[in-house]
Structure formats: structure tokens, C-alpha cells
Amino acid sequence: MRVGVPTEIKDSETRVALTPQGAAALVRGGHTVVVQTGAGAASSFADDAYLHAGASLGSAADAWAAELVLKVKEPLESEYGLLSANTLFTFLHLAANPPLAKALCAAGTLGISYDTVQLADGSLPLLTPMSEVAGRLSVLAGAHHLQTSHSGRGVLLAGVPGVPGADVVVLGGGIAGSNAVAQAVALGAHVTVLDISVPQLRTLDTRFGGRIRTVVSTPETVAEAVAQADLVIGAVLVPGNKAPVVVTHQMVLGMRPGSVLVDIAIDQGGCFEDSRPTTHSNPVYTVGKSLMYCVANMPGAVGMTSTRALTNATLPYVVRLADGVESAIAADAALGLGVNTQAGEVVHPTVRAVLAGF
Ligand SMILES: NC(=O)c1ccc[n+]([C@@H]2O[C@H](COP(=O)([O-])OP(=O)(O)OC[C@H]3O[C@@H](n4cnc5c(N)ncnc54)[C@H](O)[C@@H]3O)[C@@H](O)[C@H]2O)c1
């Protein structure tokens, strides 16, 4: 099969969907790989490394014309003209993006989304590594913007002897949330985590013992926690669905001046009422007296780590898809759940239900 790897064009995106080692694995399997010139550069993979692996270099159009196109982020509007009736394997986050759903259906693309590939135990093996990165980064981004020079309230996450550290509230204690908790605890902050799942809170309680507070998430408990927070991290997810709004505008207006909110769930539409996507070039805006950070491709800030983490997870699926898309989907229920668009229709049940209103 001919496999194409376009360059990512989202603002400050540094990841690439296939490493040279991945390209070599596909070539060994008898496939042809065309990588857009320079696609791996920001992840420290030179064009020569792909050539050495047996891939060829080409234009964006060459990469997009392949039978199987591998990307990291969802196609942007400027890429819609490159969509075709081939197979696209990437993050789509379609529930939050009706125009992209329409474009994929109009082009007849078989769209397989990393974020809905789901194992029998409910876990999301291709989202997990990026949630791990985003969870850890969220605390570092929050700590950065809490500094006075970045318009924050001038609070050091760790505090110092005699002065307490910051109050960090994490909403959603799944993969991103638990990684945020670990990072914030490691930095010496006071951490409260809220989740609707008591088993999830039990796991976190066992892991962190008395070093964190766990609270069941309700509108009342969220309002109370957010009002006391220096840094709020939103990390909730209902797989395939738009993120639920957990923090309302009124709650933000009641927050401490200079507090920071990081919405990791922005790629699913955001879990704060005031969230709108921002970019690495211009990551924050003000609501009331608080700063909102809503970068939809957070792992792109650390492409060398993120590309390796993502492709560790995606490559086994890529190899099977290259051997035969239909047979790979038929043989693997988890991959089957990744199929979002097929033959001009949105076919993932949750995504289809969410988009029905558009
Ligand atoms: N911005 C980025 O760059 C980036 C990168 C990676 C992941 N993400 C996003 O991060 C989000 C979280 O992903 P994850 O892998 O951690 O998901 P996950 O499924 O592991 O965890 C989500 C948690 O949210 C909880 N939850 C659901 N509704 C809730 C509510 N109302 N209140 C409190 N908790 C609630 C669930 O019980 C679950 O524990 C997703 O939207 C994902 O797409 C964003």
C-alpha cells in the first residue's frame, strides 16, 4: 500500500505521524512510503533519515494522494481540498468539529480517529500518551502563567518554607488529570481532584495517599473548589462526545484575581463555559480577572517527546492498516471504534448522535 505522511500545519505543531523507524517497518512489509519534505524536522527527524529508511520525499499533494494518509492533528480548513476517498488515520475530535465532518463525508474519506480507538476495558490507547503529555504540561503551563510577569497572581506553585504553595484543582482524574496531579504534587502544590467516578478517585487516593484531596464532582463541589483555586486544570472526557461544561462563567468571575485555568479538554470543545481554542503563539486570554489557557495541541510544544510517545502507540495499528484497511478494521474491534466517517456518512455512534443536531 502507498502510505503518505504530510507535514503538520497547525500553529506551532511539531509532531509528525511516522518516525523513520516506522517508515522502515512499513517498507520492510512491502509498502511504499512518501513523506512530505521536512515533515519530521521539528521532531528532529531529518529528511535523510526517512530516505535511509527506504521512504521517498514529496510534496503535500503527494503525501495526501496516498491510499493511507497518516497525520497527527485534524485537517485544517486549508487542507480540506486535499481530502479524498482514501483512508485518513489521525486525531479528528469530530464531535467538536461539524465542518470537518462535512468535509470528510463530502470527500468520501474513511476517517479513523485516534481519539475513539477504544479497547474493551474502555481505555483509549492512542489518546493515552498525548493525555499523559498534556496532563504533565498543563501544570507547567499553569505555573508559568501564574507568574506576575505573565499577568498571573504571582504565586509559586511550590511555595517556600513559611509560605504555602499554590492551590491546584484538577477536574477529571483520568489519564490527563492523574498526570497533572502527579506533576502538581511533585512540584509541592496543594492538590484537589474532582471526578464523577468514585473508583477513579479511589485509585488516586491509593496512589497519592494523604497528599491530595479527592472530591466527587457535582456543580456545587466544583464551584466551591474553583473559588479557592490558584490554578484550575480541566481534564474531563466523555469518549466520542463533546466535553461537558463543568466550570461556568459565573464560577470564573468568582475566582481569585490572577488565577489561571488550563482547559486540556479544549480539543473536545472545552469543559469551561468560556473556553475557546488558543494557540501556542497566543495561548491565553482574560475572563473576569482570570487567565484562560486553551491550547488544543499542547503536546506539539514538546514534539521530540510527543512524536515518540504517539508513534509508539500508533505504529502497530498503522502496520495492520497498511496490510489491508478493511481486514484490519474487521479483525480489531478497538480499531473499528476508531472509524468515524465512511462512504460519505458519520458512522461512530456517539459522534453521529452529537453531530445529528448540526
Ligand atoms: N489539549 C490538548 O492538547 C490535549 C492533549 C491530549 C488530550 N487532551 C484531552 O484531554 C481530555 C482528557 O483526556 P483523558 O485521556 O484524560 O480522558 P480519560 O477518559 O482518561 O479521563 C477523563 C475523566 O473525566 C471524568 N469526567 C467525566 N465527566 C466529568 C465531570 N463532569 N466532572 C469531573 N470528571 C468528569 C471521567 O470520569 C474520567 O475519569 C480529552 O478531552 C482529551 O481529548 C487534550
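Relevant structure appears above.
Only a predicted model underlies this, so the values are computations on that prediction, with no experimental measurement involved.

In the vicinity of the ligand, 28 residues are found, and the nearest of them are S131, A176, D195, D267 and M298. Side-chain polar atom of D195 to an oxygen atom of the ligand: 2.7 Å apart, as the coordinates give it. One of the side-chain N or O atoms of S217 is found 2.9 Å from a nitrogen atom in the ligand. At the level of secondary structure, the elements contributing two or more residues to the shell around the ligand comprise α5 (128–145), α6 (175–186) and β8 (190–195).

Attention shifts here to the sheet that holds strand β9 (residues 212–216). In space, the seven strands of this open sheet follow the order β9-β8-β7-β10-β11-β13-β12, with mixed pairing throughout. Taken across any chain shown, the strands that pair with only one partner, and hence form the sheet edges, are β9 and β12 (284–287). When the angles between neighbouring strand axes are averaged without regard to direction, this sheet yields 20°. Two elements, strand β11 (residues 260–263) and strand β13 (residues 290–293), share three bridges in a ladder whose sense is parallel.

Once that is clear, we can look at the pattern of salt bridges. Within this structure, the stated rule accounts for 10 salt bridges. For the salt bridge of K71 with E79, the shortest nitrogen-to-oxygen distance reads 3.8 Å. Taken as a pair, K71 and E79 share a single burial class, namely buried. E74 serves as the salt-bridge partner of K73, at 3.7 Å between the closest nitrogen and oxygen. Here E74 falls in the buried class, since its relative accessible area comes to 10%. Taken together, the shared-partner salt bridges in this structure form one network comprising R153, D167, D230 and R256.

So, on to a nonpolar patch on the surface. On the surface, L156, V160 and V163 cluster together to form a nonpolar patch covering roughly 270 Å² of accessible area. As for its position among the elements, V160 is in the loop between α5 and β7 (167–171).

Looking at helix α8 (residues 219–227), one finds that the buried residues are V222, A225 and V226. Looking straight down α8, one finds its buried side chains confined to an arc of 95°; they lie on one side. Facing away from the buried surface of α8 by more than 90 degrees, the exposed residues are E220 and E224. As for α8, its buried residues are in contact with β7, β8, β10 (231–234) and α9 (249–253).

Our next topic: the environment of V193. Along the chain, V193 falls in strand β8. The exposure class assigned to V193 is buried, which follows from its relative accessible area of 0%. Separated by 118 residues in the primary sequence, V193 and T311 place their C-alpha atoms 30 Å from one another. In this view, V193 contacts V170, G172, G173, V181, L201, L204, I212, R213, T214 and V215; residues no more than four positions away in its chain are not counted.

Reading guide: rules and limits
- Residues numbered from 1 in each chain as written.
- Predicted model: local features only at pLDDT ≥ 70, side-chain atom pairs only at ≥ 80, totals over all residues.
- Heavy atoms only, no water.
- Near = heavy atom within 4 Å.
- Polar contact = N/O pair within 3.5 Å; in protein donor to acceptor, adjacent residues only side chain to side chain.
- Helix = DSSP H or I, 4+ residues; strand = E, 2+ residues; numbered from the N terminus.
- Pairing = 2+ DSSP bridges.
- Axes fitted to C-alpha atoms, helices over the stretch in contact; angles between N-to-C directions.
- Salt bridge = Lys/Arg side-chain N within 4 Å of Asp/Glu carboxyl O.
- Buried < 20%, exposed > 50% of the residue type's maximum accessible area, 1.4 Å probe, protein only.
- Patch = residues over 30% accessible without salt bridge, like charges linked within 9 Å, V, L, I, M, F, W, Y side chains within 5 Å.
- Areas by Shrake-Rupley, 256 points an atom, 1.4 Å probe, with all protein chains shown as cover.
- Arc of directions from axis to C-beta.
- Contact = heavy atoms within 4.5 Å.

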